[in-house]
Amino acid sequence: MIQLKVIFINLGWTLVGGGVFKAASTRRNMADVIPAHTKWLKEAVKAFLPDENHVVLENGQKIAYQYLVVAAGIKLNWDAIEGLSATLGSNGVTSNYRYDLAPYTWELVKNLNGGKAVFSQPPMPIKCAGAPQKAMYLSCDHWLKNDKLKDIHVSFYNAGAVLFGIANYVPALESYIQKYQVNTHFTHNLVKVDGPNKRAYFATTNKDGEKSIVETEFDMLHVCPPQTAPDFIRNSPLVDAAGWVDVDKETLQHVTFKNIWSLGDVSNTPNAKTMAAARKQAPVVAQNIADAIDGKTIHALYDGYGSCPLTVERGKIVLAEFGYGGKLLPTFPKWLNDGTKPTYLAWVLKEDLLPPFYWHGMLKGYEWFVKPTMRK
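Thresholds, definitions, all that
- Residues numbered from 1 in each chain as written.
- Predicted model: local features only at pLDDT ≥ 70, side-chain atom pairs only at ≥ 80, totals over all residues.
- Heavy atoms only, no water.
- Disulfide = S-S within 2.5 Å.
- Buried < 20%, exposed > 50% of the residue type's maximum accessible area, 1.4 Å probe, protein only.
- Pairing = 2+ DSSP bridges.
- Helix = DSSP H or I, 4+ residues; strand = E, 2+ residues; numbered from the N terminus.
- Axes fitted to C-alpha atoms, helices over the stretch in contact; angles between N-to-C directions.
- Parallel < 35°, antiparallel > 145°, perpendicular 65-115°, else oblique.
- Left-handed = near helix turned anticlockwise from the far one by under 90°.
- Contact = heavy atoms within 4.5 Å.
- Nonpolar A, V, L, I, M, F, W, Y, C, P; charged D, E, K, R; others polar.
- Phe/Tyr/Trp six-rings, centres within 6.5 Å; stacked < 30°, edge-to-face > 60°.
- Lys NZ or Arg CZ within 6 Å of the ring centre and 35° of its normal.
- Expected span 1.5 Å × (residues − 1).

A. Here's a closer look at the state of the cysteines. Evaluation of the coordinates by the stated rule reveals 0 disulfides. Left without a disulfide partner, Cys 140 is nearest to the cysteine sulfur of Cys 224, which lies 17 Å away. Residue class for Cys 140 comes out buried when judged on its relative accessible area of 0%. Here Cys 308 is not disulfide-linked; the sulfur of Cys 128 is the nearest cysteine sulfur, at 4.2 Å.

If you want it as structure tokens, here you go:
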């Protein structure tokens, strides 16, 4: 139940910001991608009444259900950073996390000949945890190949303590940090942007626990906004203490309301919030609902799989694939594609294969390669 009339594929916006895709190629009319035999209700959900098995739409209409799947996505909280909303799309401030701003990223990258380029990453969770870095790597790759990088001071401010959460992929990423001469600043969280004066402010805490605000100038600032569950989810009876839909991390069934399932970014499963995760979760939910309808015990399990194609340069990607506990879950054998190293095959997968698979397979309800693991 959704009110949007267009749908976007934001896995491609990094490539829009890197000058590879055109923004128009990442959108479709909603009516063109809804699976057959599906009724589209053009009203957003306002509230959940799980004890009554109803959802309430924004027009006040109640919709009854026997089984409910909650896949509401994630909210980009731009206003959590002081001054950001007022300057986005101007003064050199941009973000690949918005359809209308990704082309502006590319304009900034093309036109920057010198100065300071700053890239930020907020605290987790965020959708596609590698996206803030991907924007930086693609920008640096363009500047390097056009003999501009020597005149550009690049900084990466990360609210987290490490470059990437799965250690196996860090060496490859570190090699590009060194190649592009990026200055890294960990445990620095963007809290304020002064666009007209081109200043960014980061909250940080030193090893002694002392808090401070660090100010830096910029000529270009790429921002990844903090993210939360949507308001109508956080204010519902479906969530845990942190505001995410409370489900069993393996079956994806709600821990309290057994005829409700959740998948995608809005659930509290401890996996990376990526499209690849939702793709793996969908067959699990479908199988478990089918079994519930037939009165069977549910057996389908999700292993926490997520994928983050880390675009480190135009033509090469580090294809990070992992599950719960940081376990590596590569799709390809190591001899074909070593996911801990940058490869051209991973680039082809992201640029050429994933978009049509998304538009014509995933959104239409087709899945040819993924089958859920079944509990014995």
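B. Broad picture of the sheet that holds strand β15 (residues 220–222). The strand order across the open sheet formed by 5 strands is β8-β15-β9-β10-β11, and the pairing between neighbours is parallel. The two strands at the open ends of the sheet, each matched to only one other strand, are β8 (93–94) and β11 (183–186). Pairing between β8 and β15: 2 bridges, direction parallel. Bridging across to β15, Val 93 finds its partner in Leu 221.

C. Expanded view of the packing of helix α5 (residues 131–145) against helix α6 (residues 170–179). The geometry of α5 relative to α6 is characterised by a closest axis approach of 11 Å and an angle of 40° between their N-to-C directions. On the basis of their axis angle, the class for α5 and α6 is oblique. As for how α5 packs across α6, the hand of that crossing is left-handed. In contact with Gln 133, Met 136, Tyr 137 and Leu 144 of α5, α6 contributes Leu 173, Tyr 176, Ile 177 and Lys 179. A per-class count over the contact of α5 with α6 returns 6 nonpolar, 1 polar and 1 charged.

D. Local environment of the packing of aromatic side chains. With the rule as written, the count across this model stands at 13 aromatic pairs. Both rings, one in Phe 48 and one in Phe 232, keep their centres 5.9 Å apart while their planes meet at 15°; by these two values the pair is stacked. Of this pair, Phe 48 sits in strand β3 (residues 45–49) while Phe 232 sits in helix α7 (residues 231–234); the two residues are 184 residues apart in sequence, bridging distant segments of the chain. A residue is classified by how much of its surface remains accessible, and Phe 48, at 8% relative accessible area, is buried. Among the aromatic residues, those joined into a ring-pair cluster are Tyr 137, Tyr 176 and Tyr 180. The aromatic ring of Trp 40 is capped on one face by Lys 42, whose charged end is 4.5 Å from the ring centroid. Between Arg 98 and the ring centre of Trp 78, over which it is positioned, the NZ or CZ distance is 5.8 Å.

E. Local environment of unusual backbone geometry. A cis amide bond, omega 5°, links Met 124 with the succeeding residue Pro 125. Residue position: Pro 125 is located in the loop between β9 (115–121) and α5. Its identity as a non-glycine residue notwithstanding, Cys 128 has a phi of 50°, on the positive side. Position of Cys 128 among the secondary structure elements: in the loop between β9 and α5. For Lys 198, which is not glycine, the phi dihedral falls at a positive 50°.

F. Structural detail: α5. With 15 residues, α5 ought to run about 21 Å at 1.5 Å a step, and its terminal C-alpha atoms sit 21 Å apart, in line with that. Among the 15 residues in α5, 13 count as buried, and that is most of the element. With its phi angle positive at about 60°, Asp 147 sits one or two positions after the end of α5.

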